[in-house]
Amino acid sequence: MHEISSVAVFCGSRLGVDPTFADAARELGQGLANARIRLVYGGGKTGMMGALADAVLEAGGTVLGVIPDFLTRLEVAHPDVTEMVITDTMHSRKTRMAEEADAFVTFPGGLGTMDETMEIVTWRQLRLHDKPIFICDVAGSAAPFLSAMDGIIAQGFAPAESRSLYTVVRGVPALLGALGHASRGTGVTAARL
């Protein structure tokens, strides 16, 4: 078993309406840095992404940002990350993040976060990787994803076992504990993506 040393976090470019979300981003950032786990994220300096990256950096951690060229202006690329990778498309962004991560975390966010989460869960279902996926519920933020999954299963488009593709954790302390006990799965097979 190999411990988790790099985590891709999918989260919003906005802060959302509940201040608990930003507090959780800062708590996660500090926790990742303290655990010496590298953050891999979408590369923005605004919203949840910015709060998370800033907290990792302030605590002395390492941050890899991955952002498509056209979003460097919309999401405003973070100027202070340890390393920034500029990709040509959204798909190549997600592929690079998947290649760089030992595990995945979904945090509060919007449509992009939902898209990234669904895609990485789908890739696991298709056996393109076997890396742990954690859905971190912060003040009810996981409800839209979990509701969508329940609906897909209830309508017969996925088996109930699909819920085993990810683990739901309540809050940052539970997430950090789960990351500490998780081990890296098999890598992403980029040639098949």
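Residues numbered from 1 in each chain as written. Predicted model: local features only at pLDDT ≥ 70, side-chain atom pairs only at ≥ 80, totals over all residues. Heavy atoms only, no water.

1. A few points about the pattern of salt bridges
Throughout the structure, instances matching the rule amount to eight salt bridges. K94 is the salt-bridge partner of E119, the closest N and O atoms lying 2.5 Å from each other. Here E119, found in helix α5 (residues 111-125), pairs with K94, found in helix α4 (residues 90-100); they are 25 residues apart in sequence, far enough to count as distant. Residue E119 shares its accessibility class with K94, and that shared class is buried. Three or more residues joined by partner-sharing salt bridges are found here, namely R38, R96 and E100. (Salt bridge = Lys/Arg side-chain N within 4 Å of Asp/Glu carboxyl O. Helix = DSSP H or I, 4+ residues; strand = E, 2+ residues; numbered from the N terminus. Buried < 20%, exposed > 50% of the residue type's maximum accessible area, 1.4 Å probe, protein only.)

2. Thoughts on the pairing of strand β7 (residues 167-170)
Pairing analysis gives four bridges linking strand β6 (residues 133-137) to β7, with the strands arranged parallel. In the strand pairing of β7, D137 is matched with R170. Traced from β6 through helix α6 (residues 143-154) to β7, the parallel crossover comes out right-handed. (Pairing = 2+ DSSP bridges. Right-handed = clockwise from strand over helix to strand, strands pointing away.)

3. Looking at the nonpolar core
Note that soluble globular proteins tend to have their nonpolar side chains buried in a common cluster. Counting residues in hydrophobic clusters, the biggest one holds 33 residues, and the most contacted among them are V9, L39, F107, L175 and L179. For this core, the secondary-structure elements that each account for two or more residues are β1 (6-10), α1 (19-34), β2 (38-41), α2 (47-58), β5 (103-106), β6 and α7 (172-181). In this structure V9 touches L28, L32, L39, V40, Y41, L52, M97, V105 and F107, once residues within four positions along its chain are discounted. By size, the runner-up hydrophobic cluster in this structure holds 22 residues, among which are A8, V40, L146 and Y166. (Core = buried A, V, L, I, M, F, W, Y, C linked by side-chain atoms within 4.5 Å. Contact = heavy atoms within 4.5 Å.)

4. Notes on empty space enclosed by the protein
One simple way to see leftover space: roll a probe sized like a water molecule over the atoms. Summed over all chains, the structure comprises one cavity of 30 Å³ or more. By volume, the largest cavity amounts to about 40 Å³. Around the largest cavity, the lining residues are F10, K94, M97, A98, F104, E116, E119, I120 and W123. Within the residue set of the lining of the largest cavity, elements represented by two or more residues are α4 and α5. Top contributing element to the lining of the largest cavity by residue count: α5, with four residues. The class makeup of the residues in the lining of the largest cavity is six nonpolar, no polar and three charged. (1 Å grid on protein atoms, 1.4 Å probe; cavity = no way out; pocket = protein on both sides within 12 Å on 5 of 7 lines; lining within 4 Å. Points joined across faces, edges and corners; volume = space filled by probe spheres on them. Nonpolar A, V, L, I, M, F, W, Y, C, P; charged D, E, K, R; others polar.)

5. Brief notes about the layout of surface pockets
Approximately 610 Å³ is the volume found for the largest pocket. If you trace the largest pocket, you find 34 residues lining it, with G12, G109, G110, L111 and T113 closest to the centre. Where the lining of the largest pocket is concerned, the elements lending two or more residues are β1, α2, α3 (71-76), α4, α5, β6 and α6. Broken down by element, the lining of the largest pocket gets its largest block of residues, six residues, from α5.

6. A short note on unusual backbone geometry
In this structure, R36 is a non-glycine residue whose phi angle is positive, near 60°. Residue placement: R36 occurs in the loop between α1 and β2. One non-glycine residue, R127, lies in positive phi territory at about 65°. Topologically, R127 is positioned in the loop between α5 and β6.

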